[in-house]
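Here is how the chains run, residue by residue.
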Amino acid sequence: MTRKRIAVAAIAVLLFIVVAFFAFDIRLMLRKYTVKDSKLPSGFDGYRILFVTDLHCEYFGEGQEEIAAFAEKFAPDAVFFGGDMMDQDLRDFEAVEQLLMALSDYEIYAVWGNHDRWLGRADFTRLQELYAEYGVNVLWDDTVILEKNGDKIALSGADDPPSWNNGSEEYLRENGIAVTPVEGMYNVLLFHRANLFDVISDYGFDLVISGHMHGGQVRIPYICGLVSPTRQWFPKYTSGVYQKDGSKLIVGRGLGNSVDFPRIFNPPQLVGIVLEK
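No experiment lies behind these values; they were computed from the predicted model shown.

Describing the sheet that holds strand β1 (residues 29–36)
Judged by pairing direction, the sheet is mixed, and its six strands sit side by side in the order β1-β14-β2-β3-β4-β5 without closing on themselves. The open sheet has two edge strands, β1 and β5 (137–138), and neither has a second partner. Two elements, strand β2 (residues 48–52) and strand β3 (residues 78–81), share four bridges in a ladder whose sense is parallel. Across the sheet, the residue bridging to Val52 is Phe81, located in β3.

So, the nonpolar core
For soluble globular proteins, nonpolar side chains are generally found buried alongside one another. Grouped together as the largest cluster of nonpolar side chains are 31 residues, with contacts concentrated most on Val52, Phe81, Val96, Leu103 and Tyr131. Listed by contribution, the elements that provide at least two residues to this core are β2, α2 (65–74), β3, α3 (93–102), β4 (108–110), α5 (121–133) and β14 (269–276). With five residues, the top contributor of residues to this core is α3. Apart from residues lying up to four places away in sequence, Val96 is in contact with Leu55, Met85, Met86, Leu127, Leu130 and Tyr131. Core analysis: the next-biggest nonpolar cluster, separate from the first, contains 24 residues, Val35, Ile153, Leu207 and Ile209 among them.

Focus on the pattern of salt bridges
Counting across every chain of the model gives nine salt bridges. In this structure, the salt-bridge partner of Asp159 is Arg117, at a minimum N-O distance of 3.0 Å. Of the two residues, Asp159 is situated in the loop between β7 (151–157) and α6 (169–175) and Arg117 in helix α4 (residues 114–117); the sequence distance between them amounts to 42 residues. Arg117 sits in the buried class, given a relative accessible area of 18%. For the salt bridge of Arg173 with Asp202, the shortest nitrogen-to-oxygen distance reads 3.9 Å. One end of the pair, Arg173, is in helix α6; the other, Asp202, is in the loop between α7 (197–200) and β9 (207–211), and 29 residues separate them in sequence.

With respect to the packing of α3 against α5
Direction vectors running N to C along α3 and α5 enclose 15 degrees, while the axes themselves pass 10 Å from each other. Comparing their axes, α5 and α3 come out roughly parallel. Here α3 and α5 pass one another in a crossing that is right-handed. Across the interface between the two elements, Phe93, Val96, Glu97 and Leu100 from α3 touch Asp123, Arg126, Leu127, Leu130, Tyr131 and Glu133 from α5. When its residues are assigned to classes, the contact of α3 with α5 shows six nonpolar, no polar and four charged.

So, how was this worked out
- Residues numbered from 1 in each chain as written.
- Predicted model: local features only at pLDDT ≥ 70, side-chain atom pairs only at ≥ 80, totals over all residues.
- Heavy atoms only, no water.
- Pairing = 2+ DSSP bridges.
- Helix = DSSP H or I, 4+ residues; strand = E, 2+ residues; numbered from the N terminus.
- Core = buried A, V, L, I, M, F, W, Y, C linked by side-chain atoms within 4.5 Å.
- Buried < 20%, exposed > 50% of the residue type's maximum accessible area, 1.4 Å probe, protein only.
- Contact = heavy atoms within 4.5 Å.
- Salt bridge = Lys/Arg side-chain N within 4 Å of Asp/Glu carboxyl O.
- Axes fitted to C-alpha atoms, helices over the stretch in contact; angles between N-to-C directions.
- Parallel < 35°, antiparallel > 145°, perpendicular 65-115°, else oblique.
- Left-handed = near helix turned anticlockwise from the far one by under 90°.
- Nonpolar A, V, L, I, M, F, W, Y, C, P; charged D, E, K, R; others polar.

This is how it looks when you write it as structure tokens:
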């Protein structure tokens, strides 16, 4: 083999290693988004939300210390859980409890995801009791009023349908969700399934925060996600900020994995959201 061929082979191997490193990178990251809206009351200018979604019973360091470190650095006013902290197959409550302990210094608001709702009755009750033990505010088709610096905004949470077939656009268009925006206020909706934003955007929430899509599982770098958890190719809403009918959507790629196929070009992700007037 000539020196030229050896050099070409070495470069090819090096490129393969570099691509593989980034393709299968499992280092936790935080993606920050700033949401500007003139409707936001002045008291919430600079309000910081840490969005945690789709843990699927994964671990990030001892006692979820990596998540705790990102939270401490970002310094959120509140933490939002987007659902699927549990995984219906793994059912590892220790992973979830460690997450709750790691974030116990923060006010947490949560909605259920499909994997949470697919747990058997006993396990779902156990998850509810665990959340209650750590003071998590579960928005089970409910709305709460958040207050800061004398101003208020409304935070609503819509429950996830308890069966797979009910997580469709047709079902949602026919049955709707059980929460609506509060008139005269800035309204945030926490809802697990980003793929249903085309329906949710009709409700008039100013900001919708969702997960469920796992970033499209395999990402084509800088372009899009490849497939959704519902086996839809090139899904519409997988990561980032979207806008439709006056509503903004932020989609987190999530932390864990619910399928055997690995995440590719899609490292686990926390989302930091800063509201600005």
